[in-house]
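Chains, contacts and geometry: an overview
Read off the chains here:
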Amino acid sequence: MCTCDMCMIMQAVKGNYKPLPQRSLELTDFKLSDELWSDFLIPVNMAFFVMKTNQSGAVAFYPAPTGATESKLKMEPWTEMQQLNPLLNDIVPDLEALLINRLDSTNKYFIVPIDSCYKLIGMIRTSWKGIHGGSEVTDIINKFFVELENKSVKCRN
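What this report covers is the structure whose coordinates are included nearby. (Residues numbered from 1 in each chain as written. Predicted model: local features only at pLDDT ≥ 70, side-chain atom pairs only at ≥ 80, totals over all residues. Heavy atoms only, no water.)

1. Details of the pairing of strand S3 (residues 58–64)
Judged by how many residues are buried, S3 sits mostly within the fold: 7 of 7 residues are covered. Of the two faces of S3, the one carrying Ala58, Ala60, Tyr62 and Ala64 and the one carrying Val59, Phe61 and Pro63 are both buried. Once strand S2 (residues 46–51) ends, the chain turns through 6 residues before running back antiparallel as S3, passing Gly57 with a positive phi of about 115 degrees. Relative to strand S4 (residues 67–71), S3 runs antiparallel, the two being bridged by 5 bridges. Paired with Phe61 across the two strands is Glu70, which belongs to S4. Taken together, S3 and the strand that follows it, S4, pair antiparallel across an intervening segment of 2 residues. (Buried < 20%, exposed > 50% of the residue type's maximum accessible area, 1.4 Å probe, protein only. Helix = DSSP H or I, 4+ residues; strand = E, 2+ residues; numbered from the N terminus. Pairing = 2+ DSSP bridges.)

Dropping the structure here:
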């Protein structure tokens, strides 16, 4: 099947496929306390959240040496985070994600196309060394987020 822009539009009009959104938003005043983050029970300080149409609510994934690992997400913290950050209600289900990076003191929050999240996961997976990943993983993550920040539109709740 052809994947050019015209064929993609024609297939979307027919309802066969949904075009992937292209927006990247940096959420500059995102509200997420350390306590609320810990309520998600995600073992690392990076994750992405996707609204799933075939489930009621969001699903969280975090990077691991084996790829994207699904977190058993409790809905109460997600609901609270949505109330604190109304822009989360505009995420396109299945196609966009809330990407959270809390690996250093400058916590970053983005709404991105879902393929950006899987690109990051793939980069982490292919460069992982040893138990903790190694310095190459850290460099790749930092480079990814610098590039994402540079191409993103800054957005307030």
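2. Structural notes on the pattern of salt bridges
Taken as a whole, this structure holds 7 salt bridges when the rule is applied. With its nearest N and O atoms 3.4 Å apart, the salt bridge here joins Glu26 to Lys108. Residue Glu26 is found in strand S1 (residues 25–27), and its partner Lys108 is found in strand S6 (residues 108–113); the two are separated by 82 residues along the sequence. Taken individually, Glu26 and Lys108 each receive the classification buried, so the pair is uniform in this respect. For Glu26, the salt bridge is made with Lys154, and the minimal N-O distance between the two is 2.7 Å. You can see Glu26 sitting in strand S1 and its partner Lys154 sitting in strand S7 (residues 153–155), a full 128 residues away along the chain. Each of the salt bridges in this network shares a partner with another, and the network as a whole consists of Glu26, Lys108, Glu149 and Lys154. (Salt bridge = Lys/Arg side-chain N within 4 Å of Asp/Glu carboxyl O.)

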